[in-house]
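A structural walkthrough
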Amino acid sequence: SGVRGIAGETFTPQLAAAFARAFGSYVGRGTVIVGRDTRSSGEMFEHAVIAGLQSVGCQPIMAGIVPTPTLLFLTRRMQARGGIAITASHNPWTDNGFKVKAPTGAAAGALSPSPATARIPTCRSARNASRSAFDIVSGETMAGRYRRRP
């Protein structure tokens with residue numbers, strides 16, 4: 001689950017900021033926990049995610065380098081609006097990405113796609129799109145694309 005690509009190529013700081021902005025619009029103003037793994041590109045993406053979240057009124061709290069389960073725990077324990085783990089999980093070290101966490105601390109599986117809205121492009125298709133990924137992925141798109149399960 002999540003968004004992944006080759007750091008600096010198919011997954012850029014601009015794309016990370018756009019997705020963070022969209023996620024922040026979805027969860028609303030408030031605290032969002034941000035953690036990352038040890039990849040060398042992690043700090044660059046951490047700054048992009050923080051900028052995206054702050055641009056829509058969220059208050060990011062940096063957890064630093066933490067395992068994804070720790071981020072899940074912190075998100076729930078601190079009653080945050082959500083969390084973002086900057087990681088490409090088991091993918092090659094050249095990749096990076098992130099997983100978004102619901103306010104309950106659950107993984108993105110707690111959010112279900114809404115068929116009524118436009119498809120969010122993958123990192124690879126966004127690179128080849130006629131518009132930039134920054135233009136394609138707006139807060140309205142992500143917020144409309146996912147809704148809480150009843």
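Residues numbered from 1 in each chain as written. Predicted model: local features only at pLDDT ≥ 70, side-chain atom pairs only at ≥ 80, totals over all residues. Heavy atoms only, no water.

Here we look at the overall build of the protein chain
Stated formally: For helices the rule is a DSSP run of H or I covering at least 4 residues; for strands it is a run of E covering at least 2, with both sets numbered from the N terminus onward. Per-residue accessibility, obtained with a 1.4 Å probe over protein chains only, is compared with the maximum for each type, and a residue is labelled buried under 20%, exposed over 50%, and partly exposed between these values.
Within the protein chain one finds six helices and seven strands. The N-to-C order of helical and strand elements in the protein chain reads β-α-β-α-β-α-β-β-β-α-α-α-β. The buried share of the protein chain, reckoned over its 150 residues, is 47%.

Regarding the nonpolar core
We count it as follows: Among buried residues, those of type Ala, Val, Leu, Ile, Met, Phe, Trp, Tyr and Cys that are joined through side-chain atoms within 4.5 Å constitute a nonpolar core. Two residues form a contact once any of their heavy atoms are found within 4.5 Å.
Of all hydrophobic cores here, the largest spans 21 residues; its most connected members are Val49, Leu53, Ile84 and Phe98. Secondary-structure elements contributing two or more residues to this core are α1 (13-27), β2 (30-36), α2 (42-55), β4 (82-86) and β5 (95-101). No other element matches the eight residues that α1 contributes to this core. In this view, phenylalanine 98 contacts Gly2, Val3, Phe11, Ala16, Phe19, Ala20, Val49, Ile84, Ala85, Ile86 and Thr87; residues no more than four positions away in its chain are not counted.

Regarding the environment of alanine 85
Residue position: alanine 85 is located in strand β4. Put simply, alanine 85 and valine 49 are 36 residues apart on the chain and 10.0 Å apart in space, counted from C-alpha to C-alpha. Each residue touching alanine 85, except ones within four places of it in the same chain, is listed here: Gly35, Thr68, Leu71, Gly97, Phe98, Lys99 and Lys101.

So yeah, pure geometry; function would need other evidence.
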